[in-house]
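Here are the chains, one letter per residue:
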Amino acid sequence: MVNVNFEHVSKRYEDGFEAVKGLSLEVQDGEFLVLLGPSGCGKSTTLRMLAGLEEVTEGTISIDGVTVNHLPAGARGLGMVFQSYALYPHMTVRDNMTFGLRMAKGKERLSEAEINTRVKETANMLELSEHLGKKPKELSGGQRQRVALGRALIRRPQVLLMDEPLSNLDAELRHQMRQEIRRLHDELGTTTIYVTHDQIEAMTLADRVAILDQGVLQQHAPPLEAYKQPANEFVQSFLCRHLDDLVDTANTLLRSDAQEGGN
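Predicted model, so just to flag it, every value in this text is computed and none were measured.

The next subject is the side chain of Thr46. Assignment of secondary structure puts Thr46 in helix H1 (residues 43-51). Thr46 gets classed as buried once you look at its relative accessible area, which sits at 0%.

With that out of the way, let us pick up the pattern of salt bridges. Pairs can form between side chains of opposite charge whenever their charged atoms are close. According to the stated counting rule, one finds 14 salt bridges in the structure shown. One salt bridge in this structure joins Arg48 and Glu54, with 3.6 Å as the shortest N-O distance. Where Arg183 meets Glu180, a salt bridge forms, and the shortest distance between an N and an O atom there is 2.7 Å. Here Arg183 and its partner Glu180 are both found in helix H5 (residues 171-188), three residues apart, which amounts to about one turn of the helix. Here Arg183 falls in the partly exposed class, since its relative accessible area comes to 34%. Taken together, the shared-partner salt bridges connect Glu114, Arg118, Glu121 and Arg156 into one network.

Another point: the pairing of strand E1 (residues 4-12). With six bridges joining them, E1 and strand E2 (residues 18-27) adopt antiparallel strand pairing. By the bridge assignment for E2, Arg12 is matched with Glu18. Where E1 and strand E4 (residues 58-63) come together, five bridges link them in antiparallel fashion. In the strand pairing of E4, Val4 is matched with Ile63.

Within strand E3 (residues 32-36), five of the five residues are buried, which leaves the element mostly enclosed by the surrounding structure. Burial of E3 is two-sided: the residues Phe32, Val34 and Leu36 facing one way and the residues Leu33 and Leu35 facing the other way are all buried. Judged from the five bridges that link them, E3 and strand E8 (residues 191-196) form a sheet pairing that is parallel. When the bridges of E8 are listed, Leu36 appears paired with Thr196. Bridging between E3 and strand E9 (residues 208-213) involves four bridges; their strand directions are parallel. When the bridges of E9 are listed, Leu36 appears paired with Ile211.

Moving on, we get to the sheet that holds E8. Taken in spatial order, the six strands make up an open sheet running E6-E7-E8-E3-E9-E10, and their pairing is mixed. Looking along the sheet, the strands with just one partner apiece sit at the ends: strand E6 (78-81) and strand E10 (216-221). Going across the sheet, the axis of each strand differs from the next one's by a mean of 15°, ignoring polarity. As defined by bridge partners, strand E7 (residues 159-163) adjoins E8 across five bridges and the pair is classed as parallel. Residue Met162 lies in a different strand from E8, and its bridge partner there is Tyr194. Sheet contacts for H5: E3, E7 and E8; angle to E3, the most-contacted strand, approximately 140°.

So, on to the sheet that holds E1. One open sheet holds the four strands; their spatial order is E2-E1-E4-E5, and the pairing between them is antiparallel. Each having just a single partner strand, E2 and strand E5 (66-67) make up the two edges of the open sheet. As defined by bridge partners, E4 adjoins E5 across two bridges and the pair is classed as antiparallel. Among the inter-strand pairings, Ile63 is bridged to a residue of E5, identified as Val66. On top of the sheet, H1 reaches E1, E2 and E4; it is set at about 115° to E1, its chief contact.

What counts as what
- Residues numbered from 1 in each chain as written.
- Predicted model: local features only at pLDDT ≥ 70, side-chain atom pairs only at ≥ 80, totals over all residues.
- Heavy atoms only, no water.
- Helix = DSSP H or I, 4+ residues; strand = E, 2+ residues; numbered from the N terminus.
- Buried < 20%, exposed > 50% of the residue type's maximum accessible area, 1.4 Å probe, protein only.
- Salt bridge = Lys/Arg side-chain N within 4 Å of Asp/Glu carboxyl O.
- Pairing = 2+ DSSP bridges.
- Axes fitted to C-alpha atoms, helices over the stretch in contact; angles between N-to-C directions.
- Contact = heavy atoms within 4.5 Å.

Limitation: the analysis is restricted to geometry and does not speak to function.
The following block contains the structure:
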């Protein structure tokens, strides 16, 4: 079991701004949870506190029953994929993927044979086997994002964290990568927490969504439940009305196409 628990977690900065307010949230073992909300709602701060990149002001965060508030980032057993890819431009795909493994010390350090095995398995999974000798500048945006994903997965993390990883891709690539990310999750079963402001992304990826506004959790539910039974006016406006508008737009375009085809 690898679950994640936030218990009354708050993040307050020195200027008094409170980015996250009393968050209580459970992420179940093997679940794909999406933290959803507009810019500034606290979703990335929540992820960064879990990752050990931000200190917790109040409350506790636990992974698999162990409180991690004061553990360094590297000791939490997490893999993280960033919006910016964060690849080393002078390194090959292979070296980017294995950098973290090679930096490990003592009993955490893997043998060269084990590293090579993990490279082969991860590259095959992400269709990167033919690109291991290339530098990031030789890759497409989608391939770079797969390298960033591979660098996280090769560590075999307890929990996989993703912070708006597809926002730099065009619409077609985003659609392809959403399918790829969900396929990998179903295959690996890694507990995953994914941050996005994109309602479509949340609805297509999540087992459950946690919708935040101004640092406060508004609703925590399966996507269709949140859509059909919004907890409050904010959820109704941010999630439901937005999706309804998209459906109305699509139907209008389809009707226009049908009318033009009939003329």
